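Understanding the architecture of this molecule
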Amino acid sequence: MNISELVRKNIKVLKPYSSARDEFEGEASVFLDANENPYPSEYNRYPDPHQKKLKAKIAALKSVKTDQVFIGNGSDEAIDLLFRAFCEPGSDEVIIPQPTYGMYSVSANINDVAIRSVNLTNDFDLDVDSILKLVTNKTKLLFLCTPNNPSGNLLSPEKVIQLIKVFPGLVIVDEAYIDFSSQPGFVPLLSQYNNLVVLQTLSKAWGLAGLRVGLAFASPEIIAILDKIKPPYNINTLSQSVALNALNEVNQKNAQVSEILAQRKILTTQLNNLPQVEHIYPSEANFVLVRIKNARQVYQTLIQKGVVVRDRSNVILCQDCLRITVGTPEENQHLITELQTL
Ligand SMILES: *Cc1c(COP(=O)(O)O)cnc(C)c1O
């Protein structure tokens, strides 16, 4: 695909902001270029705008090149920048199969980009034909979330690949929950498809939601466009250094993921034993979507007892459903005990 034809014209010709730290490269001991306060503290200097160390670490971990990695202030920043780079406000369109993560639509609305919605199937998989029917010459992005939020299932990989092959714009595959799933995900396919963008995050399995570090993997051409339009210092010094250290602890992350998966199984069994629970959707993530009698009321009652879950009962295809995050053994037991006394 010709990516440069897909980019908005103003972005293509944009001359990016050149920060003090951009214009100087090399070794120096006296920095009088950025109007910083000279008195040393851990944070008196601006962060690395290119996040070189963090990108190198992530690239090694994911077996990609550093120029295939974009780091955002959460995945939400990457989502917003994709709209800003590729979608002409008031004119272009994106396709979002529902139900899914709400930020794609919010970002589309903020950027005044029309949303073509299409439902997933009853088991929350892709209906390829009905998606492709929505394509027009204004369609720029297609958002696929796998494992999907709020349903928890993986989209069938064959259908995702089919869409990547024929969709005339970028296909954004959001893998926020990939570390909890049984699949390798789509990062290994990046070299085959230059219209593929894979989103991941340190917010879920890596346990760093408070740091706001989101990742986008794509062809170097797409990454260069995102880097060109991002705020220069979008990842602060503290987030870069904490993320770098955390990424060295793969074993800890894997141990926590295993524990969460074991707890998901126990929680699912216990929920299934409750008379008011009607269905638990199969999950490849760290949450389960549960169809339960009087979901809205159950949600309110749980809140009164200090237990917060996510009410999805008003969401398309999720009538009477609550989305429950897998917590610690104690938290899950607490939830079950409260549900038993309803
Ligand atoms: C939680 C979540 C994210 C993570 O967003 P961050 O901004 O990186 O915290 C992204 N996509 C989906 C589908 C999510 O559920």
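Refer to the structure printed above.
A brief structural summary. Each residue is numbered by its place in its chain's sequence as written, counting from 1. Reporting of local features is limited, given that this is a predicted model, to residues whose pLDDT is at least 70; pairs of side-chain atoms are given and counted only at 80 or more, and all residues count toward the totals for whole chains, interfaces and linings. Side-chain measures here rest on the full set of heavy atoms in the structure, leaving out hydrogens and waters.

1. Notes on empty space enclosed by the protein
Gaps between atoms show up when a probe of the same size as a water molecule is rolled over them. Definitions used throughout: a 1 Å grid over protein atoms alone; a cavity as a set of points that fits a 1.4 Å probe which cannot get out; a pocket as an open set with protein on both sides within 12 Å along at least five of seven lines; a lining residue as one with an atom within 4 Å of a point. Grid points are joined across faces, edges and corners, and a volume is the space filled by probe spheres set on the points. Taken as a whole and judged by the stated rule, the model has three cavities of 30 Å³ or more. Of the volumes computed, that of the largest cavity is approximately 40 Å³. Along the walls of the largest cavity sit P97, P99, T100, L120, L126, F143, L144, C145, N148 and L155, which together make up its complete lining. In this classification, Asp, Glu, Lys and Arg are treated as charged, Ala, Val, Leu, Ile, Met, Phe, Trp, Tyr, Cys and Pro as nonpolar, and every other residue, Gly included, as polar. Considered class by class, the residues forming the lining of the largest cavity number eight nonpolar, two polar and no charged.

2. Here's the deal with the nonpolar core
Of all hydrophobic cores here, the largest spans 45 residues; its most connected members are L196 and F217. Contacts are assigned to residue pairs with any non-hydrogen atoms lying within 4.5 Å of each other. With residues up to four places along the chain from it excluded, the contact list for L196 reads I164, V171, V173, F186, L189, L190, F217, A218 and S219. In this text, buried Ala, Val, Leu, Ile, Met, Phe, Trp, Tyr and Cys residues form a nonpolar core when linked through side-chain atoms within 4.5 Å. Type-normalised accessible area, obtained with a 1.4 Å probe on protein chains alone, sets the label of each residue: buried when under 20%, exposed when over 50%, and partly exposed for intermediate values.

3. Let's talk about the site of the ligand
The full set close to the ligand counts 14 residues, and D174, Y177, T201, K204 and R212 are the nearest of them. With respect to the ligand, the backbone of S75 contributes an N or O atom lying 2.7 Å from an oxygen atom. Each polar contact in these results corresponds to two N or O atoms within 3.5 Å; when the atoms are within protein, one needs to be able to donate a hydrogen and the other to accept it, and residues that are neighboring in sequence are counted only if both atoms are side-chain atoms. In the model, an oxygen atom of the ligand is placed 2.6 Å from a nitrogen or oxygen of the R212 side chain. For the ligand, the accessible surface in isolation is 390 Å², of which the surrounding protein chains cover 94%. In these notes, residues near a molecule or strand are those with any non-hydrogen atom within 4 Å of it. Only the protein chains shown count as cover for residues, and the accessible areas themselves come from Shrake-Rupley with a 1.4 Å probe.

4. Some points on the pairing of strand β4 (residues 139-145)
Burial analysis of β4 places seven of its seven residues in the buried class, which makes it a mostly covered element. Alignment of strand β2 (residues 93-98) against β4, held across three bridges, turns out to be parallel. Considered in β4, the bridge of V94 is made with L141. As paired strands, β4 and strand β5 (residues 170-174) are joined by five bridges and run parallel to one another. When the bridges of β5 are listed, L141 appears paired with L170. Crossovers are described as right-handed under a simple rule: with the strands pointing away from the observer, the path leading from the first strand over the helix to the second runs clockwise. Strands here mean DSSP runs of E at least two residues long; helices mean DSSP runs of H or I at least four residues long; both are numbered from the N terminus. With helix α8 (residues 157-166) bridging β4 and its parallel neighbour β5, the resulting β-α-β unit is right-handed. Should DSSP find at least two bridges between two strands, the strands are taken to pair.

5. Concerning the layout of surface pockets
Of the voids in this model, the largest pocket is the one considered here, and its volume is about 540 Å³. If you tally residues by element for the lining of the largest pocket, the top one is helix α10 (residues 237-246), at four residues. Considering only residue class, the lining of the largest pocket consists of seven nonpolar, six polar and seven charged. For the second largest pocket, the calculated volume is near 290 Å³. If you go around the second largest pocket, you meet 14 residues; those closest to its centre are V307, V308, V309, T325 and E331. Elements supplying a minimum of two residues to the lining of the second largest pocket: β11 (321-325) and α13 (329-340). Top element by residues in the lining of the second largest pocket is α13. It accounts for four residues. Partitioning the lining of the second largest pocket into residue classes produces six nonpolar, five polar and three charged.

6. Quick notes on helix α9 (residues 220-229)
Working note: α-helix, 3.6 residues per turn, so residues spaced by three or four point in the same direction. Within α9 the residues assigned to the buried category are I222, I223, I225, L226 and I229. Viewed end-on, α9 has its buried residues packed into an arc of 160 degrees, placing them on one side of the element. This arc corresponds to the set of directions leading from the helix axis out to the C-beta atoms.

7. Some remarks on the packing of aromatic side chains
Here the aromatic set is Phe, Tyr and Trp, taking the six-membered ring for Trp, and pairing holds for ring centres within 6.5 Å; pairs whose planes are under 30 degrees apart are stacked, those over 60 apart are edge-to-face, and all others are tilted. The full count for this structure, using the stated rule, is seven aromatic pairs. Where Y104 meets F143, the ring centres are 4.7 Å apart and the plane angle is 20 degrees; that geometry is what we call stacked. Of this pair, Y104 sits in helix α6 (residues 103-110) while F143 sits in strand β4, placing them 39 residues apart in sequence. In this structure Y104 comes out as buried when scored by relative accessible area, which is 0%. Of the residues examined, F143 reaches a relative accessible area of 1% and is grouped as buried. Grouped by ring-pair contacts, the aromatic residues F83, Y101, Y104 and F143 constitute a single cluster. Sitting over the ring of F287, R323 keeps its end group 5.6 Å from the ring centre. Placement of a charge over a ring requires the Lys NZ or Arg CZ to be within 6 Å of the ring centre, with the centre-to-atom vector within 35 degrees of the ring normal.

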